[in-house]
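One letter stands for each residue in the lines below.
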Amino acid sequence: MLKGRTVAFLVAPEGAEQIELTEPWKAVQQAGGTPRLISTRPGEIQAFNHLDRADTFPVDATVGQVSVDDFDGLVLPGGVANPDHLRTEDAAVRFVKGFFEAGKPVAVICHGPWTLIEADVVRGRRMTSWPSVATDLRNAGADWVDEEVVVCGGGPNTLVSSRKPDDLKAFCQATVDALGS
């Protein structure tokens, strides 16, 4: 379904929720796509299981080395520290915004929408997230709903959003579907 498609997974050097990185990554691979780990620094990223250090993963490229044109879609894993770091990095915010401007699908889970808010791309979009991000999304103009997965086509691209690790099965399926359309 995703044969020939390359998907960017953008994460900060530290703080991504491991399962929100690894499960969508596996789903993209199983569908025949090529995931690539993009970060703000080269080397490795440190993933977390909630607040505990988990595994490290090698970075394929930094945001300064790639272009939106290199990818068919974007996945933004959550974790609290991950999107909080990304939204302070201009290159990361520009990279994220570029997927919306190019009309390419974006999938985001948990606290990940903080980076989308910083990129000013949620206005008028129907979305979900970790509950503590709901007010931030509403204040940025999104229509926040408490649902397992939300697929919003009411904008320049398809936007898939989910709340938490318990939603990963539905999130992964909706993400693969969006990337394959």
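We now turn to the structure provided with this report. Treat the numbers as computed from the prediction; the structure is a model and nothing was measured. (Residues numbered from 1 in each chain as written. Predicted model: local features only at pLDDT ≥ 70, side-chain atom pairs only at ≥ 80, totals over all residues. Heavy atoms only, no water.)

1. Here's the deal with the sheet that holds strand β6 (residues 61-62)
- Here we have 7 strands laid out as an open sheet, ordered β6-β3-β1-β7-β8-β12-β11, and mixed in their pairing. Unpaired on one side and paired on the other, β6 and β11 (149-152) mark the two borders of the sheet.
- Set on the sheet, helix α1 (residues 18-30) makes contact with β1 (6-10), β3 (34-39), β7 (73-76) and β8 (106-109); between it and β3 the angle comes to about 150°. (Pairing = 2+ DSSP bridges. Helix = DSSP H or I, 4+ residues; strand = E, 2+ residues; numbered from the N terminus. Contact = heavy atoms within 4.5 Å. Axes fitted to C-alpha atoms, helices over the stretch in contact; angles between N-to-C directions.)

2. What to know about the sheet that holds strand β4 (residues 44-49)
- A sheet is described by the order of its strands in space; here 3 strands give the open sequence β2-β4-β5, paired in mixed fashion. Across the chains shown, the open sheet's two edge strands, defined by having one partner strand only, are β2 (14-17) and β5 (52-58). If you compare each strand with its neighbour and ignore which way they point, the axes differ by 45° on average.
- Pairing of β2 with β4 involves 3 bridges; the strand directions are parallel. What sits directly across from Ala16, in β4, is Ala47.

3. A look at the packing of α1 against helix α6 (residues 168-180)
- Where α1 contacts α6, the two axes come as close as 9 Å, and the packing angle between them is 45°. Between α1 and α6, the angle is such that the two are oblique. Judged by the twist between their axes, the crossing of α1 over α6 is right-handed. Only Leu168, Phe171, Cys172, Val176 and Leu179 of α6 make contact with α1, whose side of the interface consists of Ile19, Glu20, Glu23, Pro24, Ala27 and Val28.
- Of the residues that constitute the contact of α1 with α6, the class distribution is 9 nonpolar, no polar and 2 charged. (Parallel < 35°, antiparallel > 145°, perpendicular 65-115°, else oblique. Left-handed = near helix turned anticlockwise from the far one by under 90°. Nonpolar A, V, L, I, M, F, W, Y, C, P; charged D, E, K, R; others polar.)

4. A short note on the packing of aromatic side chains
- Scanning the model with the defined rule gives 3 aromatic pairs in all.
- Ring centres of Phe9 and Trp25 lie 5.1 Å apart, and the angle between their planes is 55°; this geometry places the pair in the tilted category. Placement of the pair is Phe9 in strand β1 and Trp25 in helix α1, with a sequence separation of 16 residues.
- In this structure Phe9 comes out as buried when scored by relative accessible area, which is 0%.
- Aromatic pair Phe95 and Phe99: ring centres 5.1 Å apart, planes at 85°, arrangement edge-to-face. One end of the pair is Phe95 and the other is Phe99, both in helix α3 (residues 90-101) and 4 residues apart, which spans about a single turn. Here Phe95 and Phe99 have matching classes, each one buried.
- A cation sits over an aromatic face here: Arg87 above Trp114, 4.5 Å from the ring centre. (Phe/Tyr/Trp six-rings, centres within 6.5 Å; stacked < 30°, edge-to-face > 60°. Buried < 20%, exposed > 50% of the residue type's maximum accessible area, 1.4 Å probe, protein only. Lys NZ or Arg CZ within 6 Å of the ring centre and 35° of its normal.)

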